[in-house]
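# Chain and residue survey
For reference, the chains in residue letters:
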Amino acid sequence: MTERLANDLKERRTELGLTQGELAGGCGVSRKTINTVENGIFVPSTLLALKLAAALDRRVEELFWVEA
Amino acid sequence: MSPTGYKEQPNGVSQPARFHRPNAEEVIERRSGFAWMLPIGLVMPAMKLFDADVDPFTRYLYFALFVAVIITACWWLLALPFRWLSEADHQKVNDEWAQAMTGDACKWAVAAFMTSAVGLMAFDIWRPLNTGEVIYGLVSAALLTGVTRMSWLSRREPLDDD
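Residues numbered from 1 in each chain as written. Chains lettered and ligands numbered in written order. Predicted model: local features only at pLDDT ≥ 70, side-chain atom pairs only at ≥ 80, totals over all residues. Heavy atoms only, no water.

### With respect to the interface of chain B and chain A
Chain B puts 18 residues into the contact, and the matching count from chain A is 21 residues. With both chains or domains summed, chain B and chain A bury close to 1,600 Å², and 49% of this area falls on carbon and sulfur atoms. For the pair chain B and chain A, the interface holds zero salt bridges. Connecting chain B to chain A are three residue pairs in polar contact (both at pLDDT 80 or more). Residue assignment for the side of chain B that touches chain A shows that the elements contributing at least two residues are helix H1 (24–34), helix H4 (87–93) and helix H5 (96–126) of chain B. Of the residues contributing to the side of chain B that touches chain A, the split by class is six nonpolar, two polar and 10 charged. (Contact = heavy atoms within 4.5 Å. Buried area = accessible area lost by both parts, 1.4 Å probe. Salt bridge = Lys/Arg side-chain N within 4 Å of Asp/Glu carboxyl O. Polar contact = N/O pair within 3.5 Å; in protein donor to acceptor, adjacent residues only side chain to side chain. Helix = DSSP H or I, 4+ residues; strand = E, 2+ residues; numbered from the N terminus. Nonpolar A, V, L, I, M, F, W, Y, C, P; charged D, E, K, R; others polar.)

### Some thoughts on the nonpolar core
If you look at the biggest cluster of nonpolar residues, it comprises 18 residues, and the most contacted ones within it are Leu9, Leu52 and Phe64 of chain A. For this core, the elements supplying multiple residues, two or more each, are helix H2 (20–27), helix H3 (31–38) and helix H4 (46–55) of chain A together with H5 of chain B. Here this core takes four residues from H4 of chain A, the largest share from any one element. With five residues, the next largest nonpolar core counts Ala24, Val27, Phe82 and Val93 of chain B among its residues. (Core = buried A, V, L, I, M, F, W, Y, C linked by side-chain atoms within 4.5 Å. Buried < 20%, exposed > 50% of the residue type's maximum accessible area, 1.4 Å probe, protein only.)

### Describing the pattern of salt bridges
Scanning the model with the defined rule gives eight salt bridges over all chains in all. Here glutamate 61 of chain A and arginine 59 of chain A are joined by a salt bridge, their closest N and O atoms 2.6 Å apart. Arginine 149 of chain B is paired through a salt bridge with aspartate 104 of chain B; the nearest N and O atoms lie 2.6 Å apart. Within this pair, whereas arginine 149 of chain B is found in helix H6 (residues 131–153), its partner aspartate 104 of chain B is found in helix H5, the two being separated by 45 residues in sequence. Here arginine 149 of chain B matches aspartate 104 of chain B in class, with each residue buried. Connected via shared salt-bridge partners are Arg12, Glu15 and Arg58 of chain A.

### Here we look at the confidence of the model for chain A
In the predicted model, chain A carries a mean pLDDT of 92, and 99% of its residues have values of at least 70. Between the elements of chain A, mean pLDDT differs from a low of 91, seen in strand E1 (residues 4–7) of chain A, to a high of 95, seen in H4 of chain A. (pLDDT = per-residue confidence, 0-100.)

### Looking at H6 of chain B
All names here are of chain B. Under the 1.5 Å per step criterion, the end-to-end length of H6 is 33 Å for 23 residues, consistent within 8% with the ideal 33 Å. Listed as buried for H6 are Glu133, Tyr136, Leu138, Ser140, Ala142, Leu143, Gly146, Val147, Arg149, Met150, Ser151 and Leu153. Measuring from the side-chain oxygen of the N-cap residue of H6 to the backbone nitrogen of glutamate 133 gives 2.8 Å; that N-cap residue is asparagine 130. (Expected span 1.5 Å × (residues − 1).)

### Considerations on H2 of chain A
Residues and elements named next belong to chain A. Looking at H2, one finds that the buried residues are Gln20, Leu23, Ala24 and Cys27. Mapping the buried residues of H2 onto a view down its axis gives an arc of 100°, with all of them on the same face. Looking at the packing, one finds that the buried side of H2 touches helix H1 (9–15), H3 and H4. A positive backbone phi angle near 70° is found at glycine 28, which sits one or two residues after H2. (Arc of directions from axis to C-beta.)

Below, the structure written as structure tokens:
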């Protein structure tokens, strides 16, 4: 069974009216990184997940979850 | 920010030269495009380096070109700094996605190094190779594979903000 890390990043980001670039700037990463995380291509580190959660004012487990 | 160099003007007065200093996002974009230049830089010296008819000067010239390509590749892989970028921009250029890409590309490069070593050994049975050819073959195979893999991973994805 393949598991993947699903996320609610895009929905929450657009809800706050942020662009990928603005969110990237707030977390100290590139826009490409945000794009790959949103599209499920790249699994972020715990540090980045915490930064994203803080920037989007959500708990980490509300933003990311494991999907079977 | 202070200027990066000085250029003599027609009136004889030295004034700060204006160079374009790409920001972090531009560096990231150009890095993937630049990757395709490396194979060109590798193939060119390859044609002359081991040509017996080439004079020593040309040989040194192509050797220097080959060394330049290797240094550039190392500089890129090891993420050495651009002097005009801030610490935050450097962090952005070498963020965890960039590191993950580099790591994956290196894995492919090592695999290419090993398989090309087997290929060169087999080729050596058919036609004996000299040391230079073997070194060149191994380095080129590893570098080309690593660069190609990195370019593939950093290809332009549709951005939602566009």
